[in-house]
Amino acid sequence: MEYKTSVNLAGVELKNPVMTASGTFGSAGEYGEFYDLGELGAVVTKGVANVPWPGNPTPRIAETKSGMLNAIGLQNPGLDVFLERDLPKIRRFDTKIIVNVCGKTTEDYCDAVERLSDADVDMLEINVSCPNVKEGGIAFGQKPEALEAITKAVKKYAKKPVIMKLSPNVTDITEMARAAEAGGADVLSLINTITGMKIDINRRTFAIANKTGGMSGPAVKPVAVRMVYQVANAVKLPIIGMGGITNGDDAREFILAGATAVSVGTANFANPYAAKETAEGILAYMKKYQVADINELIGAVH
């Protein structure tokens with residue numbers, strides 16, 4: 001029996017629904033030494049901006065129960081270095097490339113997207129969890145009007161399908177999903193990290209210099225599955241689900257909830273083979289239950 005694992009995201013066909021989550025895979029150089037990244041549906045790069053960003057002061061990472069906090073501050077070498085140094089490293093592999101884009105202003109995002117329009121990449125993922133300088137530090141992804149506006153602006157310059165990455169730090173995730181859809185998004189990805197805090201009781205200070213950080217890992221998975229389900233029932237766009245996925249079982253939960261594809265993030269730090277094993281786990285499940293086409297599972301739970 002033939003098993004079809006390929007899925008379609010806004011016209012881009014992935015050989016399987018598993019990709020990496022931005023910020024946890026660098027630009028794939030290190031992980032490419034462990035296995036052939038061509039076994040993944042796509043590789044998503046760490047966030048890149050139109051100019052280099054130094055990131056936040058250290059310490060920037062803290063372990064939590066069943067997860068971690070990070071406040072890296074989107075440190076990146078800037079688009080020029082990325083295109084010249086990093087992109088060719090990923091291109092060696094037979095996989096789709098999704099570039100995560102960050103910015104401090106609408107102009108920053110549009111500049112980066114315009115410069116990526118002729119690059120050899122397949123899709124763009126827009127990180128709207130960056131503080132909007134003009135809005136007094138509120139992230140673009142925390143106000144529906146701001147999210148719709150940034151989506152519209154980016155779409156004017158994009159020649160590739162645009163994925164809007166939703167922040168879970170909102171009252172109603174479906175309101176944000178509808179705003180991105182209204183702005184012309186091609187795909188949605190969720191969830192980004194949940195804002196958290198850890199205090200070092202011995203030093204009596206914050207465990208992370210930034211005070212707060214983004215929480216990720218297995219602890220956030222039930223929240224992420226719930227939000228993916230809500231969004232899948234609120235909009236007509238394909239969804240990339242993420243948040244605490246460590247294996248094929250976790251991934252299938254997201255797919256059954258309505259995700260077309262999934263991203264493996266924090267798990268890569270503990271197990272560099274996590275994304276590959278997740279893809280293998282999905283195929284094993286399909287064989288066990290005689291599911292001929294992965295698309296039969298998408299949103300199968302109502």
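Structure shown above.
Residues numbered from 1 in each chain as written. Predicted model: local features only at pLDDT ≥ 70, side-chain atom pairs only at ≥ 80, totals over all residues. Heavy atoms only, no water.

It is not clear to me how the overall build of the chain should be interpreted in this structure. Could you clarify?
Along its length, the chain carries eight helices and 16 strands. Whereas a compact globule of 302 residues would reach a radius of gyration of roughly 19 Å, the chain reaches 18 Å, a difference of no more than 12%. Dimensions of the chain, computed from C-alpha atoms along their principal axes, come out at roughly 55 × 50 × 40 Å. Buried positions account for 54% of the 302 residues belonging to the chain. Put simply, 69% of the contacts in the chain that link residues at least 6 apart link residues at least 24 apart. Split by element, the accessible area of the chain, about 13,000 Å² in all, is 51% carbon and sulfur. (Helix = DSSP H or I, 4+ residues; strand = E, 2+ residues; numbered from the N terminus. Rg over C-alpha atoms; globule rule 2.2 N^0.38 Å. Buried < 20%, exposed > 50% of the residue type's maximum accessible area, 1.4 Å probe, protein only. Contact = heavy atoms within 4.5 Å. Areas by Shrake-Rupley, 256 points an atom, 1.4 Å probe, with all protein chains shown as cover.)

Explain the pattern of salt bridges to me, please; I cannot follow it from the model alone.
Opposite charge on two side chains lets them pair, provided their charged atoms get close. If you walk through the whole model with that rule in mind, you get 15 salt bridges. Between Lys159 and Asp118 there is a salt bridge, with its nearest N and O atoms 3.3 Å apart. Taken together, the residues span a long stretch of sequence, with Lys159 in the loop between α3 (144-157) and β9 (162-165) and Asp118 in the loop between α2 (106-116) and β8 (123-127) at a distance of 41 residues. The class for Asp118 is exposed, based on a relative accessible area of 65%. Residues Asp250 and Lys221 are paired through a salt bridge, measuring 2.7 Å at the closest nitrogen-oxygen approach. (Salt bridge = Lys/Arg side-chain N within 4 Å of Asp/Glu carboxyl O.)

Just checking my understanding: could you explain a nonpolar patch on the surface for this structure?
The grouping of Met197, Ile199 and Ile201 at the surface amounts to a nonpolar patch, some 340 Å² of accessible area in total. Checked against the element boundaries, Met197 lands in strand β11 (residues 194-197). Here Met197 falls in the partly exposed class, since its relative accessible area comes to 46%. (Patch = residues over 30% accessible without salt bridge, like charges linked within 9 Å, V, L, I, M, F, W, Y side chains within 5 Å.)

Please clarify how the pairing of β9 should be interpreted in this entry.
What you see with β9 is no split at all: Val162 and Met164 on one side and Ile163 and Lys165 on the other are buried throughout. As judged from the four bridges shared by β8 and β9, these two strands associate in the parallel manner. Pairing of Asn127 across the sheet is with Lys165, part of β9. Looking at chain direction, β9 and strand β10 (residues 187-190) are connected through three bridges and run parallel. Counted as the bridge partner of Lys165 is Ser189 from β10. (Pairing = 2+ DSSP bridges.)

Explanation requested: unusual backbone geometry in the structure shown.
In the segment running from Thr58 into Pro59, the intervening peptide bond is cis, with an omega of 0 degrees. Structurally, the position occupied by Pro59 is in the loop between β4 (42-44) and β5 (61-64). With an omega of 10 degrees, the peptide bond running from Leu190 to Ile191 counts as cis. Mapped onto the secondary structure, Ile191 falls in the loop between β10 and β11. For Gln290, which is not a glycine, the phi torsion comes out positive at approximately 55 degrees. As for its position among the elements, Gln290 is in the segment after α8 (274-288).

Can you help me understand the environment of Phe206 in this one?
Note on placement: Phe206 falls in strand β13 (residues 205-206). Every residue in contact with Phe206, bar those within four places of it in the chain, is listed here: Met197, Lys198, Ile199, Asp200 and Lys211.

Looking at this model, I keep getting lost on the packing of α3 against helix α4 (residues 173-182). Mind explaining?
Relative orientation and spacing of two packed helices are given, respectively, by the angle between their axes and the distance between those axes. It is at 7 Å that the axes of α3 and α4 come closest, and there the two elements cross at 30 degrees. With respect to their mutual orientation, α3 and α4 come out roughly parallel. Relative to α4, the crossing made by α3 is right-handed. Touching Pro144, Leu147, Glu148, Thr151 and Lys152 of α3 are Glu175, Met176, Ala179, Ala180 and Ala182, all from α4. Per-class residue counts for the contact of α3 with α4 are six nonpolar, one polar and three charged. (Axes fitted to C-alpha atoms, helices over the stretch in contact; angles between N-to-C directions. Parallel < 35°, antiparallel > 145°, perpendicular 65-115°, else oblique. Left-handed = near helix turned anticlockwise from the far one by under 90°. Nonpolar A, V, L, I, M, F, W, Y, C, P; charged D, E, K, R; others polar.)

What is the right way to look at the packing of aromatic side chains in this model?
In this description, an aromatic ring pair is defined by two values, namely the gap between the centres and the angle between the planes. Per the counting criterion, the structure on display carries six aromatic pairs. Between Tyr35 and Tyr273 the ring centres are 5.9 Å apart and the planes differ by 35 degrees, which places this aromatic pair in the tilted class. Pair noted here: Tyr35 is in the loop between β3 (18-20) and β4 and Tyr273 is in the loop between α7 (267-270) and α8, with a separation of 238 residues, a long-range link. Between Tyr109 and Phe140, the ring centres sit 5.2 Å apart and the planes meet at 90 degrees, which makes this aromatic pair edge-to-face. Linking Tyr109 in helix α2 with Phe140 in the loop between β8 and α3, this pair joins segments that are 31 residues apart in sequence. Each member of the pair, Tyr109 as well as Phe140, carries the same accessibility label: buried. Following the ring pairs from residue to residue traces out a cluster consisting of Phe25, Tyr31, Phe34, Tyr35 and Tyr273. Of note, Lys104 hangs over the ring of Trp53, and the distance from its end group to the ring centre comes to 3.6 Å. (Phe/Tyr/Trp six-rings, centres within 6.5 Å; stacked < 30°, edge-to-face > 60°. Lys NZ or Arg CZ within 6 Å of the ring centre and 35° of its normal.)

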